[in-house]
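These are the residues of each chain, in order.
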Amino acid sequence: MTEQNNPYDELRYYSKPFSYTSIALLEGNATLWGLTPPALKGAKVLELGSSFGGNLISQAVYHPDTEFVGIDLADSQITQGNEIIKSMGLTNVRLDTKNILDITPEFGMFDYIIVHGIYSWVPDNVKDKILEVCRENLTPNGIAYISYNTYPGWKSREVARDIMLYANKYTQNLPLSEQTRRGKAVVQLFSDAIKSIESEKSKNQKRIENFDDIQTKDEHYVAHEYLEYHNCPLYLNQFVDSLHQHQLSYIGDTDFQLSYISWMPQHLRDMINQLSETDYVVREQCLDYLYDVAFRRSLLCHAHLQDNINRTENIKTDLLNKLTFINQGKENNLSNIFNNQGVEKLLEHFIYQVDSFTIKSLTDYVSNNKSFENITEQEIYSSVLLAIILGYINVFLTPYQTYTFEDNKTYIPKRFTQYVKTLLEGANQYIGAGNMYNGGVENLNELHLYMMSQMEKPTTKAALNSSLKAYLIQNGYKDMNNNEKLIDEEYDCSGLCDSICKTLANLGYIQPATL
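Residues numbered from 1 in each chain as written. Predicted model: local features only at pLDDT ≥ 70, side-chain atom pairs only at ≥ 80, totals over all residues. Heavy atoms only, no water.

Colleague: Looking at this structure, I do not really get the sheet that holds strand β10 (residues 393-396). What am I missing?
Modeller: Paired through backbone hydrogen bonds, the strands of a sheet run either parallel or antiparallel to each other. With respect to topology, three strands assemble into an open sheet ordered β9-β8-β10, the strand pairing being antiparallel. At either margin of the open sheet sits one strand with a lone partner, and together these are β9 (356-357) and β10. Sheet analysis places strand β8 (residues 324-327) next to β9, joined by two bridges and oriented antiparallel. Residue F325 lies in a different strand from β9, and its bridge partner there is F357. Contacts from helix α17 (residues 377-389) reach β8 and β10, with the element oriented near 105 degrees to β10. (Pairing = 2+ DSSP bridges. Helix = DSSP H or I, 4+ residues; strand = E, 2+ residues; numbered from the N terminus. Contact = heavy atoms within 4.5 Å. Axes fitted to C-alpha atoms, helices over the stretch in contact; angles between N-to-C directions.)

Colleague: Any chance you could explain the packing of helix α4 (residues 75-88) against helix α18 (residues 414-424) here in plain terms?
Modeller: Two measures define how a pair of helices packs: the angle their axes make with one another and the distance between the axes. Taken N-terminus to C-terminus, the directions of α4 and α18 make an angle of 135 degrees; their axes are 8 Å apart at the nearest point. The pairing of α4 with α18 is recorded here as oblique in orientation. Of the two possible hands of crossing, α4 and α18 adopt the one that is right-handed. Touching I84, S87 and M88 of α4 are Q418, Y419, T422 and L423, all from α18. By residue class, the composition of the contact of α4 with α18 is four nonpolar, three polar and no charged. (Parallel < 35°, antiparallel > 145°, perpendicular 65-115°, else oblique. Left-handed = near helix turned anticlockwise from the far one by under 90°. Nonpolar A, V, L, I, M, F, W, Y, C, P; charged D, E, K, R; others polar.)

Colleague: Would you mind going over the nonpolar core with me for this structure?
Modeller: The nonpolar side chains of a soluble globular protein tend to be buried, and buried together. With 102 residues, the main nonpolar core has F325 and Y509 as its most contacted residues. Discounting residues that sit within four places of it in the chain, Y509 has contacts with Y62, Y411, I412, P413, F416, Y419, V420, L444, M452 and L504. Of all hydrophobic cores here, the second largest spans 32 residues; its members include L48, F110, L138 and A144. (Core = buried A, V, L, I, M, F, W, Y, C linked by side-chain atoms within 4.5 Å. Buried < 20%, exposed > 50% of the residue type's maximum accessible area, 1.4 Å probe, protein only.)

Colleague: Got a minute to help me understand the environment of L299 in this structure?
Modeller: As for its position among the elements, L299 is in strand β7 (residues 295-302). Note: C-alpha distance between L299 and I143 (156 residues apart in sequence) is 6.8 Å.

Colleague: Could you clarify how one ought to interpret helix α19 (residues 446-454) in this entry?
Modeller: Among all positions in α19, only L447, H448, L449, Y450, M451 and M452 are buried. Against α18, α20 (461-474) and α21 (494-506) lie the buried residues of α19. Among the residues of α19, the N-terminal cap falls to N445, whose side-chain oxygen and the backbone nitrogen of L447 are separated by 2.9 Å. (Polar contact = N/O pair within 3.5 Å; in protein donor to acceptor, adjacent residues only side chain to side chain.)

Colleague: It is not clear to me how the state of the cysteines should be interpreted in this structure. Could you clarify?
Modeller: Covalent bonding between the sulfur atoms of two cysteines defines a disulfide. Tallied over the full model, the rule gives zero disulfides. The closest cysteine sulfur to the non-disulfide-bonded C232 is located on C134, 18 Å from its own sulfur. In this structure C497 is a free cysteine whose sulfur lies 4.4 Å from that of C501, the closest cysteine sulfur available. (Disulfide = S-S within 2.5 Å.)

Colleague: Which parts of the structure should I look at to understand a nonpolar patch on the surface?
Modeller: Taken together, M271, L275, L290 and Y291 make up a surface patch of nonpolar side chains, about 360 Å² in accessible area. Among the elements of the structure, α12 (266-276) and α13 (280-291) are those that each provide at least two residues to the nonpolar patch. Considering the arrangement of structural elements, one finds L275 in helix α12. On the basis of relative accessible area, L275 is assigned to the exposed category, the value being 54%. (Patch = residues over 30% accessible without salt bridge, like charges linked within 9 Å, V, L, I, M, F, W, Y side chains within 5 Å. Areas by Shrake-Rupley, 256 points an atom, 1.4 Å probe, with all protein chains shown as cover. Salt bridge = Lys/Arg side-chain N within 4 Å of Asp/Glu carboxyl O.)

Colleague: Got a minute to help me understand the pairing of strand β4 (residues 110-115) in this structure?
Modeller: The side chains of a regular strand alternate, residue by residue, between the two faces of the sheet. Most of β4 sits inside the fold, with six of its six residues counted as buried. As defined by bridge partners, strand β1 (residues 44-48) adjoins β4 across three bridges and the pair is classed as parallel. Bridging from a neighbouring strand, V45 pairs with Y112 of β4. Looking at chain direction, β4 and strand β5 (residues 138-149) are connected through five bridges and run parallel. Along β5, the bridge assignment pairs F110 with L138. The β-α-β motif built from β4, the intervening helix α5 (residues 124-136) and the parallel element β5 has right-handed crossover chirality. (Right-handed = clockwise from strand over helix to strand, strands pointing away.)

Pasting the structure below:
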């Protein structure tokens, strides 16, 4: 593919929230690493390569006292994103059409800098500039996040990229979307062909998996991952070397399994320790070699904080006591992790039923339940840390407080209503909806929006039931549990009302009227 001015304007990239870039998660992870990141309230956040702003808007609506700034070269996307922001009535987020190379210290200082899906896809001079921005525009205790493609995992994926580029060698005049479809089709042909050759099928399983995985991805993703003029994976050690050249320090990965080794079998820990000795970069590079890692999400800070980073994998109990742990949505496989059945059941209950918890809530529960009386305090701490490392729970220093509906005591701030209204009116074709931790949200609909509009002032459940029934009747809704009969005055909508209120509470939209 020949280099273009901006292929992102040609084939639009859907701008969605990424949970790994949540400033609350960045703060929590940095804290676990032993650092003292800036408080979220009053913080300033910069995203390089923001597109329509989908990764920032979802955070801005939940953090009205935090300032968010996004920059991108795609002027059409910045313009559309700012129109969405204006429609939502948000005043704490803005997008600028700006070249990364033009950023200077005068652009401002930021407590958190987010660079997701940019670093591997730009030339070397822009890579250097990104790190320069992280050095010059990051506050002294600030945290930066950079994601990038890595070797050795991308070695096998480059075969698919080479095939797709070669398939389009003589079709550079075609639209990028057509080149993408052509590339995917050729890769599929090779996948099917390899599967048909018995002698090749088993020894090329990894390549087949990569080829087939491409078919499941959206066109915009495939275009920018496999047909982008620049896509330069690198080894972790090379990335860290670049950080050092810019007076920055590598903290660790947002996936603790790519930084910690305490979760591994003893013989693997011994091997890695023997190879790495005390070098944390070698240790993590060994993990990448071992697990064929293809993508990393790295946290970094200023070099003067290097000695504050805790790389021992031993976390002090008083630090764990300050944190809140929240279910990350990983499939329950705890029975294969914990030898102690009591610990397994305890964590299973809190992760999959309670959802959000602290060390204190665990110890209190154990104290009040005889079935868990044999679980020691040390076992609680160590099991929580293992659940963090293995990705069952995320870590937060400043969890977002949620509230359930109460008659005349709660309401929904108008900014949430405007956020959902703008999305449903068409902004969702450009940006994705996000929750309080920047995870994707689906299935928001007109019923949610209507109920939110009725809850902008404190009200009662009885009033909500009455207004919801009137709305259903007026708009010709059908009772799907009664042969699709049109809803009438006899319809009991209390269950639906309760369900919608629970959804809005879980999204953090409902707030106490006294705040």
